[in-house]
Amino acid sequence: MSTRVLEVCVSGALGSVGRRLVERIVADDEFRQHSAVARREGGRDVGTILLGREVGIPIAERLEDALDRRPDVLVDYTHPSVIRDHVALAFARKIPVVIGTSGLFDDDFERIDADAREADVGAATGNFSITGAMLQHLGRIAARHLPQWEVIEYGRAEKPDVPSGTARELAEMLGRERAPLASTADSSLIGPREARGAAVGGARVHSIRMPGCGPTVEVVFGLPGERLVIRQDEQADGGIFVEGTLLAARRVQEIRGLVRGFDALLFDEP
């Protein structure tokens, strides 16, 4: 059975992930580049900028203009300050959304899930790399058997959101498996309590921001006399998110409400 060609609107089309998505979609018979949205180069052909040839898709500066032409799905890799508005614009037109943008919180996701169900469409969010999904999946298995863990994440000096979306999602996801035990020292700390990190999903999360740090997330599980570390390193290549994002673009056509975590889509978990 042939797969229906999916028409994709990419918001943030000139960003590190967006441009790799456009390159992949244009070259793939299973997808069609419906529209490309960016804050700059408005009106120019996106193919001229990214591929060195025209593809007949002018860059739109306003997301509304692209969505009014009814793509099958909106893929958004922009900024946390605008993502809620972008999702609302898509849901108002009953268009499913894949959210690659980080920096959202639990209450944001709850609202997005409720709005998606009201609009009777699907949505997905998470780190759409394969190793990111494995970090989540294996971490959830470990959390069922190991009672204590903390999350450490690294990012470039300019990265504003703390913790990263991947680290926050991981901590909250593990917390839903079980509440981690607190450290025995937490009740009698000497010194600034902030040194123990922020509480996210019931666990401690530590964010490091400095030059020389690439995107990295690790979860450390501890038992007396032993330790397990599950770590994901990204190599500053936006292409690692492409295959997972396009898989999610397919899957949101079949679901209603928000699915959090690419591992839930990859491993068919609810």
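Residues numbered from 1 in each chain as written. Predicted model: local features only at pLDDT ≥ 70, side-chain atom pairs only at ≥ 80, totals over all residues. Heavy atoms only, no water.

Chemist: Is there a simple way to think about the packing of helix α4 (residues 80-92) against helix α5 (residues 106-119) in this case?
Modeler: Packed helix pairs are characterised by how far apart their axes lie and by the angle those axes make with each other. Running from N to C, α4 and α5 point in directions that differ by 10 degrees, and their axes come no closer than 10 Å. Accordingly, the angle class assigned to the pair α4 and α5 is roughly parallel. Counted together, R84, V87 and F91 of α4 and D108, R111, I112, D115, A116 and A119 of α5 form the full contact between these two elements. Considered class by class, the residues forming the contact of α4 with α5 number five nonpolar, no polar and four charged. (Axes fitted to C-alpha atoms, helices over the stretch in contact; angles between N-to-C directions. Helix = DSSP H or I, 4+ residues; strand = E, 2+ residues; numbered from the N terminus. Parallel < 35°, antiparallel > 145°, perpendicular 65-115°, else oblique. Contact = heavy atoms within 4.5 Å. Nonpolar A, V, L, I, M, F, W, Y, C, P; charged D, E, K, R; others polar.)

Chemist: Help me understand the environment of P211 in this model?
Modeler: You can see P211 is positioned in the loop between β9 (203-209) and β10 (216-223). Residue classification places P211 among the exposed positions, given a relative accessible area of 68%. Linking P211 and A13, residues 198 residues apart in sequence, is a C-alpha distance of 26 Å. (Buried < 20%, exposed > 50% of the residue type's maximum accessible area, 1.4 Å probe, protein only.)

Chemist: Explain the packing of aromatic side chains here, please?
Modeler: In this description, an aromatic ring pair is defined by two values, namely the gap between the centres and the angle between the planes. Here the structure, examined in full by the defined rule, presents two aromatic pairs. Centre to centre, the rings of W149 and F221 are 5.9 Å apart; their planes meet at 55 degrees, and the pair counts as tilted. In this pair, W149 sits in strand β7 (residues 149-155) while F221 sits in strand β10, placing the two residues 72 residues apart along the sequence. Neither W149 nor F221 differs from the other in exposure class; each is buried. Above the plane of the ring of F31 lies R250, whose end atom (NZ or CZ) is 5.0 Å from the centre. (Phe/Tyr/Trp six-rings, centres within 6.5 Å; stacked < 30°, edge-to-face > 60°. Lys NZ or Arg CZ within 6 Å of the ring centre and 35° of its normal.)

Chemist: For this particular structure, what's the right way to read the sheet that holds β9?
Modeler: Backbone hydrogen bonds are what pair the strands of a sheet, in a parallel or an antiparallel way. Within the open sheet, the five strands sit side by side as β8-β9-β7-β10-β11. Their pairing is mixed. Each end of this open sheet is capped by a strand with a single partner; those strands are β8 (198-200) and β11 (226-233). Each strand of the sheet is rotated relative to its neighbour by a mean of 25 degrees, with strand direction disregarded. Note that β8 and β9 share three bridges and pair antiparallel. The residue of β9 that forms the bridge with V200 is A203. Each of β7, β10 and β11 is contacted by helix α6 (residues 130-143), which is oriented at about 160 degrees to β11, the strand it contacts most. (Pairing = 2+ DSSP bridges.)

Chemist: What is the right way to look at a nonpolar patch on the surface in this model?
Modeler: Taken together, the side chains of I130, M134, L138 and I141 make up a nonpolar region of the molecular surface, amounting to roughly 300 Å² of accessible area. You can see L138 is positioned in helix α6. (Patch = residues over 30% accessible without salt bridge, like charges linked within 9 Å, V, L, I, M, F, W, Y side chains within 5 Å. Areas by Shrake-Rupley, 256 points an atom, 1.4 Å probe, with all protein chains shown as cover. Salt bridge = Lys/Arg side-chain N within 4 Å of Asp/Glu carboxyl O.)

Chemist: When you look at the nonpolar core in this model, what are you seeing that I'm missing?
Modeler: What tends to happen in soluble globular proteins is that the nonpolar side chains get buried as a cluster. Core analysis: the biggest nonpolar cluster contains 34 residues, and L21, V46 and V98 have the highest contact counts within it. Taken together, the elements giving at least two residues each to this core come down to β1 (6-11), α1 (18-26), β2 (31-37), α2 (46-50), β4 (73-76), α8 (242-251) and α9 (262-266). Among the elements that take part in this core, α8 stands out by supplying four residues, more than any other. With near-sequence residues (within four places) excluded, V98 lies in contact with V73, L74, V75, D76, A124, F128, T245, A248, A249 and V252. (Core = buried A, V, L, I, M, F, W, Y, C linked by side-chain atoms within 4.5 Å.)

Chemist: What exactly am I supposed to notice about α5 here?
Modeler: Counting along an α-helix, one turn takes 3.6 residues, and residues three or four places apart therefore face a common direction. Over its 14 residues, α5 extends 20 Å from the first C-alpha to the last, a length consistent with the 20 Å expected when each residue adds 1.5 Å. The complete set of buried residues in α5 reads D108, F109, I112, A116 and A119. Along α5, the residues classed as buried sweep out an arc of 95 degrees about the axis, all on the same side. Exposed residues on α5 whose side chains face more than 90 degrees from its buried face are D107, E110, R117 and E118. In this fold, the buried residues of α5 make contact with α4, β5 (97-99), β6 (122-125) and β12 (257-260). Once α5 finishes, D120 follows within two positions and takes phi at roughly 60 degrees, a positive value. (Expected span 1.5 Å × (residues − 1). Arc of directions from axis to C-beta.)

Chemist: What exactly am I supposed to notice about the sheet that holds β6 here?
Modeler: Reading across the sheet, the seven strands line up as β3-β2-β1-β4-β5-β6-β12 and stay open at both edges, with parallel pairing between neighbours. Edge positions in the sheet fall to β3 (59-60) and β12, since each of these pairs with one other strand and no more. Both β5 and β6 contribute to a ladder of three bridges, which runs parallel. Opposite V97, over in β6, you have A123 as the bridge partner. Across the sheet, α4 touches β1, β4, β5 and β6, and the angle it forms with β5 is around 165 degrees. Seen against the sheet, α8 touches β1, β2, β4, β5 and β6 and runs at an angle of roughly 150 degrees to β5.

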